[in-house]
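Structural characterization, general
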Amino acid sequence: MVIMDNDWGSITFIPFLLALKADWKVLGLTSCTCNSWEHQQSLHALATLALGNLTPCVPVIQGATFPLLNTYQRFQAWEMVHGALPYEGVFRPYNATLEALGSDPTAGDDPWRIIPEAFTEGFPSAALVDALHSNPANAASFMVEQVRKYPGQVSIYVAGAMTNVALAVRMDPHFADLAKELVIMGGYLDVNLFQVRGSLQQADDNSDINLMIDPEAAKITLTAAWPSIKIAGNVANQVINSQAFLDEVYQVENPYSTIFYNNYGTYFPFWDETAAALMVDPSIILNSTTFYVDVDTSYGSPSYGNLHAYQKSLMPTGVRNVTYIHQIDGDRLHSMIKAAVQYPATC
Ligand SMILES: *[C@@H]1O[C@H](CO)[C@@H](O)[C@H](O)[C@H]1NC(C)=O
Ligand SMILES: *[C@@H]1O[C@H](CO)[C@@H](O)[C@H](O)[C@H]1NC(C)=O
Ligand SMILES: *[C@@H]1O[C@H](CO)[C@@H](O)[C@H](O)[C@H]1NC(C)=O
């Protein structure tokens, strides 16, 4: 069983298709603020589930609107001192033209605004939106409730900022240890040279927006007492999409393969997909090591929101071990994605 927390967008459906295809029970999709505001992203979760008629069996639960401490102003001020990021996620300056052209909303005065132009996958029906908005649960309460209901059985997957999970960790002292595991996308290590010796895309691929949007939440989450933590950081850049793979997947046409073909592009690595694939089938992991990590939460640091690793004899108090994945079987990742998109699971 898994609860999948993400900054859901138009092309973010492969992670839940991978889990469903592997016969995992997806207890719910929860949404976090990271690439864009949570409200918009929860509607993308609904809309992309609806593409495969999956809304009856996978609920969507809204998460926190704001990071624990970070704000647009605070993030911009940090960038003035420490340098701009190639990609700022939800903290990219508000741009009305971009939003009218179909970008998910960033910054601005109203984090609850919805930009319908961004729904290339189709806008969810009024009935689905009403049901979402009338659900009094929030992501953190849902996670706590489900983990208490199925102790030791629920994986928590996070491929955006960790705000919702950190809230759950703080709400219930046994939430983390009663879960089965935590699997995250993000947590790059030793990538500073890649940020400078290459294109802006390469710098983007090696910056850590998921942790940097909410550094304090990342620290709370990664120091909690989970039975196990798997980190898909650097390895999430291993397999990059290609035109050949798009063509191959599109040999079978359905709503998912069509959006994948038309909108995924060929310059992004399979970030969230890698984390989902190694969760549902750890046998694709070829190389990993176990060590201790912390998250830099010094606002005055150029590494604010980045992971820092330790060996046991040198670690500070309050940190815990993680399994850091270095390499996966890229061919098997391709075949898992192909199967899940061409022949998606049904309810
Ligand atoms: C807003 O986005 C448009 C469209 O990409 C761009 O031409 C314009 O320069 C942007 N405005 C600012 C202030 O960045
Ligand atoms: C595993 O990955 C580490 C880190 O990238 C590397 O140093 C090591 O050589 C790899 N081991 C194998 C067996 O590939
Ligand atoms: C990692 O930590 C867990 C929980 O404290 C412990 O059970 C496990 O043995 C540790 N694994 C390694 C390889 O240190």
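Residues numbered from 1 in each chain as written. Chains lettered and ligands numbered in written order. Predicted model: local features only at pLDDT ≥ 70, side-chain atom pairs only at ≥ 80, totals over all residues. Heavy atoms only, no water.

Let's talk about unusual backbone geometry
Phi is positive for Asp 23, close to 65°, though the residue is something other than glycine. Structurally, Asp 23 can be placed in the loop between α1 (14-21) and β2 (26-31). Notably, Ala 107 is not glycine yet its phi reads approximately 45°, a positive angle. Position of Ala 107 among the secondary structure elements: in the loop between α4 (96-100) and α5 (126-134). (Helix = DSSP H or I, 4+ residues; strand = E, 2+ residues; numbered from the N terminus.)

Examining the UniProt feature "domain: Inosine/uridine-preferring nucleoside hydrolase" (unreviewed entry) in the protein
When the UniProt feature table is mapped onto this chain, "domain: Inosine/uridine-preferring nucleoside hydrolase" (unreviewed entry) is found at residues 2-333. As annotated, residues 2-333 comprises 37% helix and 15% strand, and the C-alpha atoms at either end are separated by 19 Å. (UniProt positions renumbered as here; feature names shortened; annotations may be inferred.)

Describing the side chain of Thr 33
Of note, Thr 33 is situated in the loop between β2 and α2 (38-50). At 2.8 Å, the side chain of Thr 33 forms a polar contact with the backbone nitrogen of Glu 38. Engagement of the side chain of Thr 33 in a polar contact is seen with the backbone oxygen of Thr 65, the distance being 2.7 Å. Setting aside its immediate chain neighbours within four residues, Thr 33 contacts Glu 38, Gln 41, Ala 64, Thr 65, Val 90, Ala 161 and Ile 213. (Polar contact = N/O pair within 3.5 Å; in protein donor to acceptor, adjacent residues only side chain to side chain. Contact = heavy atoms within 4.5 Å.)

What to know about the pattern of salt bridges
Pairs can form between side chains of opposite charge once their charged atoms are near each other. Throughout the structure, instances matching the rule amount to six salt bridges. Glu 181 is the salt-bridge partner of Lys 230, the closest N and O atoms lying 3.1 Å from each other. In this pair, Lys 230 is assigned in strand β6 (residues 229-232) and Glu 181 in strand β5 (residues 181-185), connecting sequence segments 49 residues apart. On the basis of relative accessibility, which here comes to 14%, the residue Lys 230 falls in the buried class. The residue Lys 338 makes a salt bridge to Glu 248 at a minimum N-O spacing of 3.0 Å. Taken as a pair, Lys 338 in helix α16 (residues 330-342) and Glu 248 in helix α13 (residues 243-249) lie far apart in primary sequence, 90 residues in all. The class for Lys 338 is partly exposed, based on a relative accessible area of 24%. (Salt bridge = Lys/Arg side-chain N within 4 Å of Asp/Glu carboxyl O. Buried < 20%, exposed > 50% of the residue type's maximum accessible area, 1.4 Å probe, protein only.)

Side note on the sheet that holds strand β7 (residues 285-295)
The strand order β3-β2-β1-β4-β5-β6-β9-β7-β8 describes an open sheet built from nine strands, whose pairing is mixed. Either end of the sheet is taken by a strand with one partner, and the two such strands are β3 (60-61) and β8 (307-310). Looking at chain direction, β7 and strand β9 (residues 320-328) are connected through eight bridges and run antiparallel. The residue bridging Ile 285 from the neighbouring strand is Ile 328, located in β9. (Pairing = 2+ DSSP bridges.)

A short note on the state of the cysteines
Cysteine pairs can be covalently joined through their sulfur atoms, and such a bond is termed a disulfide. Applying the stated criterion across every chain, the model contains one disulfide. Covalently, Cys 57 is tied to Cys 347 through a disulfide, its sulfur atoms 2.0 Å apart. Disulfide Cys 57-Cys 347: torsion about the S-S bond near -85°, hence left-handed. Of this pair, Cys 57 sits in the loop between α2 and β3 while Cys 347 sits in the segment after α16, and the two are 290 residues apart along the sequence. The structure places no disulfide on Cys 34, whose sulfur is separated from the nearest cysteine sulfur, that of Cys 32, by 5.5 Å. Note on Cys 34: relative accessible area 0%, which makes it buried. (Disulfide = S-S within 2.5 Å.)

A few points about the environment of Val 58
Relative to the helices and strands, Val 58 is located in the loop between α2 and β3. Put simply, Val 58 and Lys 149 are 91 residues apart on the chain and 17 Å apart in space, counted from C-alpha to C-alpha. With sequence-adjacent residues up to four places away left out, Val 58 is seen in contact with Leu 20, Val 26, Gly 28, Leu 29 and Leu 49.

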